[in-house]
Amino acid sequence: MKTISENRCFGGTQGVYSHDSAATNCEMTFGLFLPEEAKHIPVPVLWYLSGLTCTHENAMTKAGAQAWAAEYGVALVFPDTSPRGDGVANDEAYDLGQGAGFYVNATQDPWAPHFKMWDYVAEELPALLGDNFALDMERQAITGHSMGGHGALTLAMNLPGRFTSVSAFAPIANPTESDWGQKQLGAYLGSDQSTWAKHDATLLMREKGFDGPVLIDQGGSDNFLDLLKPEALAEAMMAKRQDGIFRMQQGYDHSYFFVSSFMEDHVSFHAEYLFA
């Protein structure tokens, strides 16, 4: 593991690190904010998964999460959204390939050799973090935006007992019924749609739900509403009687102005359960 940068931030440290990944077969970069408490004791972890076109850096610099994480004594992990590099498959479209990993393990060429983002986020990166930083990996929560909201919800529901709580900002909520999903899941996983179901938050909510509390914020003026399909997830949560809150925030769009406006709510929501 290499240290790219470390900066003092709200009494703690905002670091950026890279390492050779066995899961993605390339070098990966991630951001990690450690609050001041991590100098003395292991601290709980909040994962933030980013959306389409993002790297580890977007939320790290735009979401305003560090101030609230420092207040509660919580670490923040900002993984990249896909493998990258000259030898990694890519596509001219912004919503496929590098920057658009969709947090799945690709089984189809040309994506399969590198696009193992599920294994990377679920297994490899947590192990690396636990071995190298003062983190309490028994206390983890997860959130994300857009494609990252999709990833946060699907990871949380597929890994029962891993996360105390899950939240999402404008998640891609029903990808098997959306152009933001059908295209990518077909490319990465193939035409057998039975393999897609574990990566659809609405289908997972209908089938199993989440074994903890859920918080969803969706901008009412989001220009991607038809692609995100929030109403499908809201209906599934109601049908499942899920312990959760789904909020339509009127006037807000899909940008980081929206995310940063409600970041305090999400960090405090997770802190309540991380420290329960």
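Residues numbered from 1 in each chain as written. Predicted model: local features only at pLDDT ≥ 70, side-chain atom pairs only at ≥ 80, totals over all residues. Heavy atoms only, no water.

1. Describing unusual backbone geometry
Of the consecutive residues Asp109 and Pro110, the connecting peptide bond is found in the cis state with omega at 0°. Among the structural elements, Pro110 can be located in the loop between β5 (75–79) and α3 (117–132). Located in the positive-phi region is Phe102, a residue other than glycine, with phi close to 60°. On the basis of relative accessibility, which here comes to 0%, the residue Phe102 falls in the buried class. The phi angle at Ala170 is positive, at roughly 45°, despite the residue not being glycine. Within the secondary structure, Ala170 sits in the loop between β7 (163–169) and α5 (179–189). (Helix = DSSP H or I, 4+ residues; strand = E, 2+ residues; numbered from the N terminus. Buried < 20%, exposed > 50% of the residue type's maximum accessible area, 1.4 Å probe, protein only.)

2. Considering the layout of surface pockets
There is about 160 Å³ of room inside the largest pocket. Considering the residues around the largest pocket, the lining is formed by Gly51, Leu52, Thr53, Cys54, Tyr94, His145, Ser146, Trp180, Phe224, His254, Ser255 and Tyr256. Its residues assigned to classes, the lining of the largest pocket comprises 6 nonpolar, 6 polar and no charged. (1 Å grid on protein atoms, 1.4 Å probe; cavity = no way out; pocket = protein on both sides within 12 Å on 5 of 7 lines; lining within 4 Å. Points joined across faces, edges and corners; volume = space filled by probe spheres on them. Nonpolar A, V, L, I, M, F, W, Y, C, P; charged D, E, K, R; others polar.)

3. Side note on the packing of aromatic side chains
Inspection of every chain in the model, using the stated rule, returns 12 aromatic pairs. Ring centres 6.1 Å apart and planes at 50° place the aromatic pair Tyr48 and Phe78 in the tilted group. In this pair, Tyr48 is assigned in strand β4 (residues 43–49) and Phe78 in strand β5, connecting sequence segments 30 residues apart. You can call Tyr48 buried: its relative accessible area is 2%. Each ring, one from Tyr252 and one from Phe258, has its centre 6.2 Å from the other, and the planes form 50°; the classification is tilted. Relative accessible area serves as the criterion here: at 31%, Tyr252 is assigned to the partly exposed category. Among the aromatic residues, those joined into a cluster by ring pairs are Phe169, Tyr252, Phe258 and Phe262. When the ring centre of Trp118 is taken as origin, the NZ or CZ atom of Lys198, which lies over that ring, is 4.7 Å away. (Phe/Tyr/Trp six-rings, centres within 6.5 Å; stacked < 30°, edge-to-face > 60°. Lys NZ or Arg CZ within 6 Å of the ring centre and 35° of its normal.)

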